[in-house]
Amino acid sequence: MDEQPEPAQEPAPQTGGGLDRRAELSEFLRTRRARLKPEDVGLPDFGRRRVPGLRREELAQLAGVSVAYYTRLEQGNGRNVSAEVLDAIARALRLTGAEHAHLMHLAKPKQHKKKQTARAQQVRPALRHLLDSIDTVPAYVVGRRSDILAWNRMAAALFGDWAELPAPERNWARLVFLRPDYRELFVEWDQKAADIVGFLRMDAGCHPDDPKLSALVGELSVKSEEFRRLWAAHDVKEKSYGVKRMRHPLVGDLTLSFETFRLVDESEQSLITYHAEPGSPSAEALRLLASWGADATRAGTGTTAQ
């Protein structure tokens, strides 16, 4: 299992405004190791440590690789590393499924055509028709970089009319971190913000050479201290399901369940729906939003063109 990667080199310069994949790999492994304590993995703790977390030699021992090998990998040199070794390191680091996938993307990246990365994201007409036919459930399609690509009338009533925003502003990361009205909309704003950053981290692992993603991260890092802090944590997350509590300016508090449906045409798009428990106050609130139609859409979260 202890193959030898190529000797560590200085990180390659970024091209096309993308993110430095080797730096991303290095920081991801370092932050995952720092969060583990010896007792978490069944190792003795011999007193105070200069830095938090496991030592490199302890992690290497758990993974069954040499210290020199793991050190080179943590320095960002993932070339020639096998999937078997990465699996062993993932187990030693107690990575989640999303984190394991992120590690694989960083260490053994797939080749993406530049035209494919730069190509504008398109939503199939049939999917747009499906959104329009959903009358009582807020639904929208989200794509790469957390871009909001299409939505129905109920989503506009719940979140605000995104049609009034310039296309580049129809982005969940920009909305959550840069707009005060979205901070007020989500009761657990901190969790929503952490989720968005986790999604962007997963995207960055798959597409480190994407200049638009790099520009988005740069913009948010300059404009939001909270984004900088969350981005530096290197946490990753995949879109799934759960519950969100919101405080709408027209109908008040809502507790809504959301579901994510990943589209299968390799477009890296997902359909997100929100629904309320039948007979609940939140279900009645959604019914009111639906009945108000355009009036609710215009009110939304106070979203207007800027």
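Residues numbered from 1 in each chain as written. Predicted model: local features only at pLDDT ≥ 70, side-chain atom pairs only at ≥ 80, totals over all residues. Heavy atoms only, no water.

Undergrad: How should I be thinking about the overall build of the protein in this particular structure?
TA: Within the protein one finds 15 helices and five strands. In the protein, buried positions account for 49% of the 306 residues. Looking at the protein alone, contacts between residues at least 24 apart form 61% of all its contacts between residues at least 6 apart. Split by element, the accessible area of the protein, about 15,500 Å² in all, is 52% carbon and sulfur. (Helix = DSSP H or I, 4+ residues; strand = E, 2+ residues; numbered from the N terminus. Buried < 20%, exposed > 50% of the residue type's maximum accessible area, 1.4 Å probe, protein only. Contact = heavy atoms within 4.5 Å. Areas by Shrake-Rupley, 256 points an atom, 1.4 Å probe, with all protein chains shown as cover.)

Undergrad: So what exactly am I meant to see when it comes to the sheet that holds strand 2 (residues 148-151) here?
TA: Within a sheet, neighbouring strands are paired by backbone hydrogen bonds and run either parallel or antiparallel to one another. With antiparallel pairing, five strands are arranged side by side in an open sheet as 2-1-5-4-3. With partners counted over all chains shown, the strands left at the sheet margins are strand 2 and strand 3 (241-248), one partner each. Adjacent strand axes in the sheet meet at a mean angle of 30 degrees when their direction is disregarded. Bridge analysis of strand 1 (residues 139-142) against strand 5 (residues 270-275) gives four bridges, and the strand direction is antiparallel. Pairing of A139 across the sheet is with T273, part of strand 5. (Pairing = 2+ DSSP bridges. Axes fitted to C-alpha atoms, helices over the stretch in contact; angles between N-to-C directions.)

Undergrad: Looking at this structure, I do not really get the nonpolar core. What am I missing?
TA: Generally speaking, soluble globular proteins have nonpolar side chains that are buried together. The biggest cluster of nonpolar side chains holds 47 residues, and the ones touching the most others in it are Y140, F159, W162, W172 and F177. In terms of residues, this core owes the most to one element, helix 11 (residues 189-206), which gives seven residues. Non-local contacts of F177, meaning those with residues more than four positions away in its chain, are made with W189, A193, I196, V197, L220, S224, E226, F227 and L230. The next biggest cluster of nonpolar side chains, apart from the first, holds 25 residues, and it includes L25, L43, V81 and L86. (Core = buried A, V, L, I, M, F, W, Y, C linked by side-chain atoms within 4.5 Å.)

Undergrad: I tried to follow the pattern of salt bridges on my own but got confused; where do I start?
TA: Side-chain pairs of opposite charge can arise whenever the charged atoms involved come near each other. What the rule picks out here adds up to 21 salt bridges. Between R33 and E74 there is a salt bridge, with its nearest N and O atoms 2.8 Å apart. Linking R33 in helix 1 (residues 21-34) with E74 in helix 3 (residues 67-74), this pair joins segments that are 41 residues apart in sequence. The pair formed by R33 and E74 is uniform in burial state, with each residue classed as buried. D253 is paired through a salt bridge with R247; the nearest N and O atoms lie 2.8 Å apart. (Salt bridge = Lys/Arg side-chain N within 4 Å of Asp/Glu carboxyl O.)

Undergrad: Would you take a moment to explain the pairing of strand 5 for this structure?
TA: Taking burial as the measure, the six residues of strand 5 include five buried ones, the bulk of the element. Where strand 4 (residues 252-262) lies against strand 5, six bridges are found, and the strand directions are antiparallel. Across the sheet, S257 pairs through a bridge with H275, a residue of strand 5.

Undergrad: It is not clear to me how the packing of aromatic side chains should be interpreted in this structure. Could you clarify?
TA: Any two aromatic rings considered together are summarised by their centre-to-centre distance and by the angle between their planes. Counted according to the given criterion, the structure contains 16 aromatic pairs. Consider the rings of Y140 and F159, whose centres lie 5.9 Å apart with planes at 85 degrees: the pair is edge-to-face. Of this pair, Y140 sits in strand 1 while F159 is found in helix 8 (residues 153-159), placing the two residues 19 residues apart along the sequence. Across the pair, F159 and Y140 agree in class, each one buried. A centroid spacing of 5.7 Å and a plane angle of 85 degrees characterise the contact between Y140 and W162, whose relative ring orientation is edge-to-face. With a gap of 22 residues between them, Y140 in strand 1 and W162 in the loop between helix 8 and helix 9 (172-178) connect regions that are remote in the sequence. Of the two residues, Y140 and W162, both sit in the buried class. Linked through ring pairs, Y140, W151, F159, W162, W172, Y182, F186, F258 and Y274 together constitute an aromatic cluster. The ring of W172 carries K192 above its face, with NZ or CZ at 4.4 Å from the centroid. Across from the ring centre of F199, 4.7 Å away, lies the NZ or CZ of K239, which sits over that ring. (Phe/Tyr/Trp six-rings, centres within 6.5 Å; stacked < 30°, edge-to-face > 60°. Lys NZ or Arg CZ within 6 Å of the ring centre and 35° of its normal.)

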